[in-house]
Amino acid sequence: MYEIIMNRLSNNPSSPKITKICVRDIHKPRDFTIDNSHTELVTDVNSILNDTTIDLVIEVAGGTSSMIKGAVFDALRGGKSVVTANKALIAEYLEEIVALVDEVNGNSNSSSSKGGVKFGYEASVCGGIPIIHSLQSSYKGDIINEISGICNGTTNFMLGKMMDEGAEYDTVLKEAQDLGYAEADPTADVEGHDVRAKIAILAKLAFGVTVPISQIPCKGITEISVVDFAYAKSMGCTIKLVGTAVRQSQFGEHDGALSVYVSPKLVPLDHLLAGATGCGNAVAVDSANLGTASYTGPGAGRYATANSVVADVMRVANGTCPLTPFPLSSSSSSAGTGSSSSIDIDNDFESAFYIRISFQDGLGIIRSVGDLAESQGVSIHSILQQPITDRMAADTVVTTEACKYSQVKALCELI
């Protein structure tokens, strides 16, 4: 980011300049050169927040600690625009951020992008893909029905390895950690928490409602095995970790409550989401006017993320960053600058489901599963089973007709 702004854009007289960088250790070696005549390294964030010559603060530290939240909120209160890549902070404090930006800007009902503090967060979702800006600007005359996406490069890399090489979960996790894709503690990625924060942000953008992340059903990839990919292949599918926000339209187009969830999904091999490989990300947006539009590209990486940060910085600098970070707002929201949206939230979503059941071979297994499914009102669509080679440890797969998440969850607990 520093290199792009201070070097590549240096010939542009209107380009912003980075005057201070807050770091933990000033003496730590860095792999880029800092021009000390223009930029000062500091260890106290208040030296930035209290500097009246600074108009914009970039936050890329991540996390939701009181120090990080305080820095972002204090910058906004102090009349400084903020650009951030911190999806966790946005998802956790979304309504507070929207309300604070609105408050600082004087509860203006003007749609003008001139003046006031701005809040840019393009880099918070899908790295270098400009999905935030697209949703802010390109769907104003449209109605979005569904937005779904592969929003985590680490898990997409891991699932791709399992699909292509037949490697087990523990093996691909270690490789992802060795390559620097996964953290030493990979929980946020592999349990789906990272995607959950991102789909909460996309849902707010697409539908104007805030869905608390604690209410979003979330299942990661830790229980996926090579055997699941064998079954997926037999169905002409692959497996992807997908965040989804969809209108459950039961009574006509655009009707129905909003469901937001994160789960591994069987994705047909000819579907656009199946084409996201390696650490790539992909988002599909289904809307009334455009049908399905796709956005693909690098979901992580130094320059991909930096490019999105710089794009936001330049939008703030040239006055094109929206005055309100979320064009739609719920009717109960304290934000006064966006259009109103009133949609009920129902995260007991409806779908067909894939259930893999491990068992010791014996009589009556399928009958027992069928009886339990009937007891929960779940209709079985198909039963799949690879040839049994070990009667002490085998698997069978049941796919269901469309049913509620609560129904299949109860069925799995009974099984």
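This report concerns the structure included in the present document. Bear in mind the structure is a predicted one, so any value in this text is a computation, not a measurement. (Residues numbered from 1 in each chain as written. Predicted model: local features only at pLDDT ≥ 70, side-chain atom pairs only at ≥ 80, totals over all residues. Heavy atoms only, no water.)

## Overview of the overall build of the chain
Helix and strand counts for the chain stand at 14 helices and 17 strands. C-alpha atoms of the chain, sized along the principal axes, occupy 80 × 50 × 35 Å. Evaluated residue by residue, the chain yields a buried proportion of 47% over its 415 residues. Pairs at least 24 apart in sequence give 71% of the contacts found in the chain among residues at least 6 apart. Put simply, the chain shows about 19500 Å² of open surface, and 49% of that area lies on carbon and sulfur atoms. (Helix = DSSP H or I, 4+ residues; strand = E, 2+ residues; numbered from the N terminus. Buried < 20%, exposed > 50% of the residue type's maximum accessible area, 1.4 Å probe, protein only. Contact = heavy atoms within 4.5 Å. Areas by Shrake-Rupley, 256 points an atom, 1.4 Å probe, with all protein chains shown as cover.)

## Description of the sheet that holds strand S5 (residues 119-120)
The pairing of strands in a sheet happens through backbone hydrogen bonds and is either parallel or antiparallel. Judged by pairing direction, the sheet is parallel, and its 3 strands sit side by side in the order S3-S4-S5 without closing on themselves. Edge positions in the sheet fall to strand S3 (56-59) and S5, since each of these pairs with one other strand and no more. In this sheet, strand S4 (residues 81-84) lies alongside S3 in parallel orientation, the contact comprising 4 bridges. The residue of S4 that forms the bridge with Leu56 is Ser81. On top of the sheet, helix H12 (residues 302-317) reaches S3, S4 and S5; it is set at about 165 degrees to S4, its chief contact. (Pairing = 2+ DSSP bridges. Axes fitted to C-alpha atoms, helices over the stretch in contact; angles between N-to-C directions.)

## Re the pattern of salt bridges
Counted according to the given criterion, the structure contains 16 salt bridges. Taking the shortest distance from any N to any O, the salt bridge between Asp51 and Lys20 comes out at 3.1 Å. Placement of the pair is Asp51 in the loop between helix H2 (46-49) and S3 and Lys20 in strand S1 (residues 20-22), with a sequence separation of 31 residues. With its nearest N and O atoms 3.9 Å apart, the salt bridge here joins Asp346 to Lys404. Taken together, the residues Asp346 in the loop between strand S12 (339-341) and strand S13 (350-351) and Lys404 in strand S17 (residues 403-404) connect sequence positions 58 residues apart. A network of salt bridges, in which partner residues are shared, links Lys87, Asp194 and Lys198. (Salt bridge = Lys/Arg side-chain N within 4 Å of Asp/Glu carboxyl O.)

## Points about empty space enclosed by the protein
Applying the stated criterion across every chain yields a total of 1 cavity of 30 Å³ or more. Reported here for the largest cavity is a volume of approximately 50 Å³. Phe119, Gly120, Tyr121, Glu122, Ile132, His133, Gln136, Asp312, Arg315, Cys321 and Pro322 are the residues that line the largest cavity. Secondary structure elements with two or more residues in the lining of the largest cavity: S5, helix H6 (131-137) and H12. No other element matches the 3 residues that H6 contributes to the lining of the largest cavity. Of the residues that constitute the lining of the largest cavity, the class distribution is 5 nonpolar, 3 polar and 3 charged. (1 Å grid on protein atoms, 1.4 Å probe; cavity = no way out; pocket = protein on both sides within 12 Å on 5 of 7 lines; lining within 4 Å. Points joined across faces, edges and corners; volume = space filled by probe spheres on them. Nonpolar A, V, L, I, M, F, W, Y, C, P; charged D, E, K, R; others polar.)

## A closer look at the layout of surface pockets
To locate leftover empty space, one rolls a probe as large as a water molecule over the atoms. Of the pockets and cavities examined, the second largest pocket occupies roughly 1200 Å³. Ser263, Pro264, Phe353, Tyr354 and Ile355 are the residues nearest the centre of the second largest pocket, which is lined by 35 residues in total. When residues of the lining of the second largest pocket are traced back to their parent elements, those giving at least two are strand S7 (237-247), strand S8 (258-268), strand S14 (354-359), strand S16 (394-400) and helix H14 (405-414). Looking at the lining of the second largest pocket residue by residue, the classes come out as 20 nonpolar, 7 polar and 8 charged.

## Some remarks on the packing of helix H3 (residues 66-77) against helix H5 (residues 94-104)
Where H3 meets H5, the closest approach of the two axes is 9 Å, and the angle between their N-to-C directions is 20 degrees. When the axis of H3 is compared with that of H5, the two are roughly parallel. In this structure, H3 contributes Lys69, Phe73, Leu76 and Arg77 to the contact, and H5 contributes Glu96, Ile97, Leu100, Val101 and Val104. Across the contact of H3 with H5, the residue classes break down as 6 nonpolar, no polar and 3 charged. (Parallel < 35°, antiparallel > 145°, perpendicular 65-115°, else oblique.)

## So, the pairing of S14
Burial of the side chains of S14 is restricted to one face: Ile355, Ile357 and Phe359 are buried, whereas none of Tyr354, Arg356 and Ser358 on the reverse face is. As judged from the 6 bridges shared by S14 and S16, these two strands associate in the antiparallel manner. Pairing of Arg356 across the sheet is with Val397, part of S16.

## Examining H3
One turn of an α-helix holds 3.6 residues; hence residues three or four places apart share an orientation. Here H3 contains 12 residues, and its C-alpha end-to-end distance of 16 Å stays within 8% of the 16 Å for a straight helix at 1.5 Å per residue. Along H3, the residues classified as buried are Ile68, Ala71, Val72, Phe73, Ala75 and Leu76. Contacts from the buried residues of H3 go to H2, S3, S4, helix H4 (87-92), H5 and S5. One or two positions beyond H3, positive phi appears at Gly79, with a value near 85 degrees. (Expected span 1.5 Å × (residues − 1).)

## Details of unusual backbone geometry
Of note, Cys126 is a non-glycine position whose phi angle comes to about 65 degrees, a positive value. For Cys126, the location among the structural elements is in the loop between S5 and H6. With a relative accessible area of 0%, Cys126 lands in the buried category.

## Digging into the sheet that holds strand S6 (residues 144-150)
As summarised here, the arrangement of the 5 strands in space is S8-S7-S6-S9-S10, forming an open sheet in which the pairing is antiparallel. In this open sheet, the two strands that pair with only one neighbour each are S8 and strand S10 (291-298). Averaged over all pairs of adjacent strands, the angle between strand axes in this sheet comes to 20 degrees, irrespective of strand direction. Sheet topology places strand S9 (residues 280-287) next to S10; 8 bridges connect them, and they run antiparallel. Looking at the pairing, Gly280 lines up with Pro298 of S10. Contacts from helix H7 (residues 153-165) reach S6, S7 and S9, with the element oriented near 145 degrees to S7.

## Observations concerning the side chain of Thr399
On the secondary structure map, Thr399 appears in strand S16. The exposure class of Thr399 is buried, given its relative accessible area of 9%. If sequence neighbours within four positions are ignored, Thr399 has contacts with Met235, Phe353, Tyr354, Ile380, His381 and Ser382.

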